[in-house]
Amino acid sequence: MGFSTDCIHAGQEPEPVTGAVTYPIFQTSTYVQPELGKHKGFEYARTKNPTRSVLEANLAALERGKHAHCFASGMSATDTVFRMLKSGDHVVAGENMYGGSFRLFNKVCEKFGLQFTYVDTACVEKVRAALRPNTKIVFLETPTNPMMTVTDIAACAEVAHKNDSLVVVDNTFCSPWLQQPLELGADIVVHSTTKFLNGHSDSVGGVVITNDDAIAEQIGFLQNAVGAILSPMDSWLILRGVKTLAVRMKQHEENGRAMADYLSRQPKALKVYYPGLPDHPQHELAKRQMRGFGAMISFELGSLANAKKFLDRVRLCSLGESLGGVETLISHPETMTHASVPLDTRTRLGITPGLVRISVGIEDVEDLIADVEQAFAAV
Ligand SMILES: *Cc1c(COP(=O)(O)O)cnc(C)c1O
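Predicted, not measured: the structure shown is a model, and the values here were computed from it.

(A) Quick look at the site of the ligand. Every one of the 13 residues lining the ligand counts as a neighbour, but Gly74, Asp170, Ser192, Thr194 and Lys195 are closest to it. In the environment of the ligand, a nitrogen atom lies 2.6 Å from a nitrogen or oxygen atom belonging to the side chain of Asp170. Within the side chain of Thr194, one N or O atom sits 2.7 Å away from an oxygen atom of the ligand. Relative to its unbound accessible area of 380 Å², the ligand is 92% covered by the protein chains. Of the residues belonging to the shell around the ligand, the class tally is four nonpolar, six polar and three charged.

So this is what it looks like as structure tokens:
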């Protein structure tokens, strides 16, 4: 089936008892067993919940994967993947990624003896050079948050697999509508469903998706053992959100391109980072690897004072963390999402005091541009 059809139907048969077309919220902690040693596939709701199972089947289909496991947040999804490793294992990760992922690796995983090497994964040679015999995971985010650097997933998978390392891709910025990493050779995809997948800024969640039966079994074991599961209510909200993923993404894409085009002609935006612009260093790769360029754009205003003037002045665009919702969100990576990244790393990557990131929503793009334009007047 096509992607839009899968958004609405994959994994979702009408509910068998009543025929309810919208799969219900099974708000229960346990299930009655008809006799000792027999159950209907559900024993306890940490292990399995029907609403969550339906969402998991749906998200697996969208990423062209066989198995999905949903978690209480994007961070708990990533954390669970790293719990497959043991002390002494090594990981190669991107030097620019979501600040929370870096904090998890640097402040939590390292305490348990995992080792990390951070490289610019846009350069496959640097990934290859960082691999060690004990490298178990190559962790990629593409495009990166907030610098929008694009990594060649297929090329990284090839070098990683020669080293028996797994490739994990955080696909949150793209959603499966824009990019399907499993099809490009990745072993595991993680998402913060909080962003484009749910799309309505009313739920926090995460998912781990794979085609590999053995990996899925380990993730399922850890999901039950560690327990950071997604609630039935959130599972239902995300199922509802995903139904419109394809139409939302089309509009995000159209608005993202129009906003990037406007910003590239606005002289007060000193630099614009968007893979859809022809001067983006990985524009050709993005064209090959992604179905579009998305709705995430960063731009440089030159100073904290300028960024503050701009951010204090926007009205329709909301100043806030997060991204991927129907409403346009603007943030200041240096002090918000990437505050946990050390200053020297931030400076080297370009996460400067003047950098602003915009997640372009699906409002009328003329209104968005008018709002941004009047905020530029304050700069
Ligand atoms: C938001 C985000 C996360 C973390 O997800 P939560 O649901 O907030 O825990 C991870 N990766 C990326 C790229 C994100 O944008």
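Having seen the model, we can carry on.
(B) A look at the domain arrangement of the chain. Splitting the chain by domain gives domain 1 (3-242) and domain 2 (245-376). Relative placement of domain 1 and domain 2: their C-alpha centres are 25 Å apart. Across the boundary between the two partners, domain 1 contributes 43 residues, which contact 43 residues of domain 2. When domain 1 packs against domain 2, close to 3400 Å² is buried across both sides, 64% of that on carbon and sulfur atoms. Looking only at domain 1, the three residues that lose the most surface to domain 2 are Met147, Trp177 and Phe196, adding up to 24% of its buried area.

(C) Examining the pattern of salt bridges more closely. Enumeration over the complete set of coordinates arrives at 15 salt bridges. Glu35 serves as the salt-bridge partner of Lys38, at 4.0 Å between the closest nitrogen and oxygen. Under the relative-accessibility criterion, Lys38 is labelled partly exposed at 46%. One salt bridge connects Arg128 with Glu125, and the closest N-O pair in it is separated by 3.0 Å. Here Glu125 and Arg128 lie together in helix α5 (residues 124-130), a separation of three residues that amounts to about one turn.

(D) Spatial organisation of the packing of helix α2 (residues 50-62) against helix α9 (residues 232-242). Packing of α2 against α9 brings their axes to within 8 Å, and their N-to-C directions diverge by 35 degrees. Crossing of α2 against α9: the hand is left-handed. Residue-level contacts link Thr51, Arg52, Val54, Leu55, Asn58, Leu59 and Leu62 of α2 to Pro232, Ser235, Trp236, Ile238, Leu239 and Val242 of α9. Classifying every residue of the contact of α2 with α9 by side-chain character gives nine nonpolar, three polar and one charged.

(E) Up close: the sheet that holds strand β1 (residues 67-71). Pairing is mixed in the open sheet, where seven strands are placed in the order β1-β7-β6-β5-β4-β2-β3. The open sheet has two edge strands with one neighbour each: β1 and β3 (115-119). Adjacent strand axes in the sheet meet at a mean angle of 20 degrees, parallel and antiparallel pairs treated alike. Bridge analysis of strand β2 (residues 90-94) against β3 gives five bridges, and the strand direction is parallel. From the neighbouring strand, Val92 faces β3, where its bridge partner is Thr117. Against the sheet, helix α3 (residues 74-82) contacts β1, β2, β3, β4 (135-141), β5 (166-170), β6 (188-192) and β7 (206-210), and its axis sits at roughly 155 degrees relative to β6. Along the sheet, helix α4 (residues 99-108) contacts β2, β3, β4 and β5; its crossing angle with β3, the most-contacted strand, is approximately 140 degrees.

Reading guide: rules and limits
What you see as residue numbers is a count from 1 along each chain, following the sequence as written. The predicted nature of this model means local features are confined to residues of pLDDT at least 70 and side-chain atom pairs, given and counted, to a pLDDT of 80 or more, with totals for whole chains, interfaces and linings taken over all residues. Think of the side-chain values as coming from all heavy atoms in the structure, minus any hydrogens and water. The cutoff for a nearby residue is simple: one of its non-hydrogen atoms must lie within 4 Å of the molecule or strand. The definition of a polar contact used here is a pair of N or O atoms within 3.5 Å, where within protein one atom must be able to donate a hydrogen and the other to accept one, and adjacent residues in sequence count solely through side-chain atom pairs. Accessible surface area values rest on a Shrake-Rupley calculation with a 1.4 Å probe, where residue burial reflects the displayed protein chains alone. Under the scheme applied here, ten amino acids are nonpolar (Ala, Val, Leu, Ile, Met, Phe, Trp, Tyr, Cys and Pro), four are charged (Asp, Glu, Lys and Arg), and all others, including Gly, are polar. Residue ranges labeled as domains rest on an automatic or database domain assignment. The contact criterion used throughout is that any non-hydrogen atoms of two residues lie within 4.5 Å. Accessible-area loss on putting two parts together, using a 1.4 Å probe and summing over both, is the definition of buried area adopted here. Here, a salt bridge means any side-chain nitrogen of Lys or Arg that lies within 4 Å of a carboxyl oxygen of Asp or Glu. Residue exposure (1.4 Å probe, protein chains only): buried if accessible area is under 20% of the type maximum, exposed if over 50%, otherwise partly exposed. Labels follow the DSSP assignment, with helices taken as runs of H or I lasting at least four residues and strands as runs of E lasting at least two, numbered in each case from the N terminus. The axes used here are C-alpha line fits, helices contributing only the stretch in contact, and every angle between their N-to-C directions lies in the interval 0 to 180 degrees. Should the near helix be turned anticlockwise from the far one by less than a right angle, the crossing is left-handed, and should it be turned clockwise, the crossing is right-handed. A pair of strands is labelled paired if DSSP reports no fewer than 2 bridges between them.

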